[in-house]
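Take a look at the letters that make up each chain.
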Amino acid sequence: MSTTHIETQTKGDRTRDAIRAAADECFRQFGFDATGAEIARRAGVVEGTVFLHYRNKLGLLTAVMSDFYDLLQTEAERSLARPGTTVERFRVLVDGWASRIETDWDLISVFVHRAQDAPDSELAATMHARSRAYTRLFVALIKDLQSEARLPATTPATLLRDMVFGTLEHTARGQIAAGKPLQVRRTGQQTVDLLLTQHETTLDVDRLAAMDAKLDRLLSRVDAEDQPRTGDGGVPG
C-alpha cells in the first residue's frame, strides 16, 4: 500500500480495512461459522461497528472475496505483461493459480460453498463475474497457443482451460483427504507439459481420448501418492 494511499484514507476507510483483514483471517480459520464477535475483536472494534460497515456476514464475505479477486486479477495481469514467450506466460499464469490454491484454499472453499448455498445472493453473482474475468485470461492465452499450433485448434479453449483448473482442484482435494499439505504447483506444470504435447492443429476423437487417458493416469498417480500409508491390516500408519 502506498504512503499516499495511507495518508488519504479516512478513519472509516481504515476501520473497514481492519474489519476485512480480520474477517479474512476468521473465515480461513473457522469458515462461514466465524462470529461477528471474533471478527470485531481481531479488528479492534465493537461488534456493532462491523455491521455498521457491512450489513451482514454474507456482505462481509463478499467484500473479502472482492479483495481476493482484486489481488488475483492484478497478479495475473502483471504476469502477462512481463516479457516472455506465450508458453512461458501460460506456465506463469497456471503457476499463479496453483500458488493461490496452496496458500488460500481454505478461503476459496468458503467462497465456493457459500455461493452454492446462496445461488441468488450478491456473493454468488460477484463470484461468477470475477471468476469469469479471471479465467478469460487463461482462455485468451490458450487461444494464442492454438494460433501458434502449440495446442490443438479444434478443441474448445474453454475445455483446455477446464482441464487445467479441474486437475489442480482434484489434486488439492486428494491431498486434503490424505491429510497432506497442499502442493499442486508441480501438478500444474505437469498438466501444461501434457497439454503442450498435443501441438497438432487438428485433433480427432481418438487423439482426444488418448489425451484424456493421459490426464486420468496423471490424476491416478497423484491420488496414489496422496494416499496415507497403511500398516498391517490396512490401518493407517
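Given the structure is predicted, the values throughout are model-derived calculations rather than measurements.

S.K.: How would you sum up the overall build of the protein? Please name residues and give values.
M.R.: Of regular secondary structure, the protein possesses 10 helices and 0 strands. Taken over 237 residues, the protein has a buried fraction of 43%. Within the structure as shown, the protein displays about 12,900 Å² of accessible surface, and the carbon and sulfur contribution to it stands at 52%.

S.K.: How would you explain the pattern of salt bridges if you had to name every residue and give the values?
M.R.: Within this structure, the stated rule accounts for 16 salt bridges. Salt-bridge contacts for Arg91 lead to Asp193; the nearest nitrogen and oxygen are separated by 2.4 Å. Linking Arg91 in helix α6 (residues 86-117) with Asp193 in helix α9 (residues 185-196), this pair joins segments that are 102 residues apart in sequence. Sharing partners across several salt bridges, the network here consists of Asp24, Arg28, Glu75, Arg100 and Asp104.

S.K.: Please give an account of the packing of aromatic side chains that cites residues and values.
M.R.: On inspection of all chains with the given rule, the structure shows 8 aromatic pairs. When the centroid spacing of 5.5 Å and the interplanar angle of 80° are considered together, the rings of Phe68 and Tyr69 count as edge-to-face. Centre to centre, the rings of Phe68 and Phe111 are 5.7 Å apart; their planes meet at 55°, and the pair counts as tilted. Here Phe68 is found in helix α5 (residues 57-81), whereas its partner Phe111 is found in helix α6, with 43 residues between them in sequence. Residues Phe68 and Phe111 agree in their burial class; the two are buried. Among the aromatic side chains, those forming a connected cluster through ring pairs are Trp97, Tyr134, Phe138 and Phe165. In this arrangement the basic side chain of Lys57 is found over the ring face of Phe32, its NZ or CZ atom lying 4.7 Å from the centre.

S.K.: Lay out the nonpolar core with the relevant residues and their values.
M.R.: Membership of the largest hydrophobic core comes to 60 residues, with the highest contact counts inside it found for Phe27, Ile39, Phe90 and Trp97. Going through the elements one at a time, α2 (11-30), α3 (36-43), α5, α6, α7 (122-147), α8 (157-177) and α9 are the ones with two or more residues in this core. Element by element, the count of residues in this core is highest for α6, at 13 residues. Leave out the neighbours within four places in its chain, and Ile39 touches Ile19, Ala22, Ala23, Cys26, Phe27, Val50 and Leu60.

S.K.: Hey, could you go over the packing of α8 against α9 for me, with residue numbers and the actual values?
M.R.: In contact at an axis separation of 10 Å, α8 and α9 are set at 150° when each is read in the N-to-C sense. By the angle between their axes, α8 is roughly antiparallel relative to α9. α9 is crossed by α8, and the crossing has right-handed handedness. Between α8 and α9, the residues in contact are Leu160, Met163, Val164, Thr167, Leu168 and Thr171 and Thr187, Gly188, Thr191 and Leu195, respectively. Counted by class, the contact of α8 with α9 contains 5 nonpolar, 5 polar and no charged residues.

S.K.: Describe the confidence of the model for the protein, naming the residues involved and giving the relevant values.
M.R.: Across the protein, pLDDT averages 87, with 82% of residues at or above 70. Confidence drops under a pLDDT of 50 for residues 1-6, and excluding neighbours within four residues, the segment shows 3 contacts in the predicted structure. Here residues 229-237 is a poorly scored stretch, pLDDT under 50, and it has 8 contacts once near neighbours within four places are set aside; other chains count.

S.K.: Describe the environment of Arg150, with residues and values.
M.R.: On the secondary structure map, Arg150 appears in the loop between α7 and α8. Between the alpha carbons of Arg150 and Leu196 there is a distance of 6.0 Å; along the sequence they are 46 residues apart.

S.K.: Account for the side chain of Gln73, with residues named and values stated.
M.R.: With respect to the helices and strands, the residue Gln73 is situated in helix α5. Setting aside residues up to four positions removed in sequence, Gln73 forms contacts with Arg130, Ala133, Tyr134 and Leu137.

S.K.: Which residues make up the packing of α5 against α7, and what are the values?
M.R.: In the contact formed by α5 and α7, the axes pass within 9 Å of each other and the chain directions differ by 10°. Judged by the inter-axis angle, α5 sits roughly parallel to α7. Residues Leu58, Leu61, Thr62, Met65, Ser66, Tyr69, Asp70, Leu72, Gln73, Ala76, Glu77 and Leu80 of α5 form the contact with α7, whose participating residues are Glu122, Leu123, Thr126, Met127, Arg130, Ser131, Ala133, Tyr134, Leu137 and Leu141.

S.K.: An account of the environment of Arg100 is needed here, citing residue identities and associated values.
M.R.: On the secondary structure map, Arg100 appears in helix α6. Taking relative accessible area as the criterion, Arg100 reaches 16% and is therefore assigned buried. The residues contacting Arg100, other than those within four sequence positions of it, are Phe68, Leu71, Leu72, Glu75, Trp105 and Ile108.

S.K.: Please set out α6 residue by residue, giving values where relevant.
M.R.: Between its terminal C-alpha atoms α6 stretches only 38 Å, short of the 46 Å expected from 32 residues at 1.5 Å a residue. Its maximal kink placed at Asp104, α6 deviates by approximately 90°.

Cut-offs and rules
Residues numbered from 1 in each chain as written. Predicted model: local features only at pLDDT ≥ 70, side-chain atom pairs only at ≥ 80, totals over all residues. Heavy atoms only, no water. Helix = DSSP H or I, 4+ residues; strand = E, 2+ residues; numbered from the N terminus. Buried < 20%, exposed > 50% of the residue type's maximum accessible area, 1.4 Å probe, protein only. Areas by Shrake-Rupley, 256 points an atom, 1.4 Å probe, with all protein chains shown as cover. Salt bridge = Lys/Arg side-chain N within 4 Å of Asp/Glu carboxyl O. Phe/Tyr/Trp six-rings, centres within 6.5 Å; stacked < 30°, edge-to-face > 60°. Lys NZ or Arg CZ within 6 Å of the ring centre and 35° of its normal. Core = buried A, V, L, I, M, F, W, Y, C linked by side-chain atoms within 4.5 Å. Contact = heavy atoms within 4.5 Å. Axes fitted to C-alpha atoms, helices over the stretch in contact; angles between N-to-C directions. Parallel < 35°, antiparallel > 145°, perpendicular 65-115°, else oblique. Left-handed = near helix turned anticlockwise from the far one by under 90°. Nonpolar A, V, L, I, M, F, W, Y, C, P; charged D, E, K, R; others polar. pLDDT = per-residue confidence, 0-100. Expected span 1.5 Å × (residues − 1). Bend = angle between axes of the 7 residues up to and from the residue.

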